[in-house]
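# Examining the three-dimensional arrangement
For reference, the chains in residue letters:
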Amino acid sequence: MRTLAIAAVQTTPVPHDLHATWERFADRVRAVRETFPHVQLVVVPELMLAAGAPLLQARPDWMRKAAVTVPGPLTDRICALARETGLWLIPGSLYEQADDGLTYNTALAVSPDGEIVARYRKIFPWQPYERTAPGGEFVVFDLPGIGRAGLAICYDGSFPETARQLAWLGAEVIIQPTLTTTRDREMELVCARANAWTNQLYVVNLNAADPAGVGASVIVDPEGAVRQQAGSGEEVLVDVLDLETVTRVRTYGSAGINRPWSQLARYGDRIELPMYGGTFQPTRWVD
């Protein structure tokens, strides 16, 4: 079996207090380690460590004040916490002040050895409201002996290209930190299930708790079924994802019937995609 034990911590930052928010994050991670010793990976919501305020209380200059370099002092602390706890950490996302002078909404994956193994800059910022620059590369990373994960952030899930590209790159689970404060959360839940089913992988879509967000975090399996869904308050979703289920579903079909990746592998390279100026390219993991 290839299993990934995950804790998705639906929580909130301390508004406009970076130090207190770090302490809350570190406390939550240590509590997961103590309470659920089998857990291997902990994820928190989008922009948790940026310590923003709820939607209508936001400060226009806060992004600039909260932005950090990667690597830098904050990522050094995250890496140290990963080493201390022996956990994979996906600390939501950060405002990254990059060398090109732009600010990105960036998710990191940190290994139990304290190494940054993946950095993903949100490709689809929530425009026109989000003021970060869009990234330009889809990112996956390997958990040795377990499988491959892909990173997405919040509004990325509303674009089917995101999940399709991550699956094409071999992702078996998408980790999607989210910060949704508005009533379109129901649409995001539809997208999470659709992205899981059409790409035959797990989706862990973790939103912030009230009052930072509206909660309703979900873990969806490769056939589009919701394994767990949170309420609106602080909560932790603990689950053990069997990544062999991804292999089974992709081999024999969702509900033992539908095999979209196998079909694309047979003749997708002959289907013209005018919007993209190309065709479907066979994946490396499909015979």
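Structural notes, computed from the coordinates.

The rules behind these values
Residues numbered from 1 in each chain as written. Predicted model: local features only at pLDDT ≥ 70, side-chain atom pairs only at ≥ 80, totals over all residues. Heavy atoms only, no water. Pairing = 2+ DSSP bridges. Helix = DSSP H or I, 4+ residues; strand = E, 2+ residues; numbered from the N terminus. Axes fitted to C-alpha atoms, helices over the stretch in contact; angles between N-to-C directions. Contact = heavy atoms within 4.5 Å. Phe/Tyr/Trp six-rings, centres within 6.5 Å; stacked < 30°, edge-to-face > 60°. Buried < 20%, exposed > 50% of the residue type's maximum accessible area, 1.4 Å probe, protein only. Lys NZ or Arg CZ within 6 Å of the ring centre and 35° of its normal.

### Remarks on the sheet that holds strand β12 (residues 226-229)
Read from one edge of the open sheet, six strands run β7-β8-β9-β10-β11-β12, paired in mixed fashion. In this open sheet, the two strands that pair with only one neighbour each are β7 (140-143) and β12. Sheet twist, expressed as the mean angle between neighbouring strand axes with direction ignored, is 15°. Relative to strand β8 (residues 147-151), β7 runs antiparallel, the two sharing four bridges. The residue of β8 that forms the bridge with Asp142 is Arg148. This element, helix α5 (residues 185-199), spans β10 (202-206), β11 (218-220) and β12 of the sheet and lies at about 25° to β11.

### Let's talk about the packing of aromatic side chains
All told, the structure shown has five aromatic pairs when counted by the stated rule. Between Trp22 and Phe25, the aromatic rings sit 5.4 Å apart at their centres with planes inclined by 55°, giving tilted as the arrangement. Placement of both Trp22 and Phe25 in helix α1 (residues 18-35) is noted, with a separation of three residues, approximately one turn of the helix. Grouping residues by exposure puts Trp22 and Phe25 together as buried. A network of ring pairs unites the aromatic residues Phe124, Tyr155 and Phe159 as a single cluster. The aromatic ring of Tyr104 is capped on one face by Arg121, whose charged end is 4.2 Å from the ring centroid.

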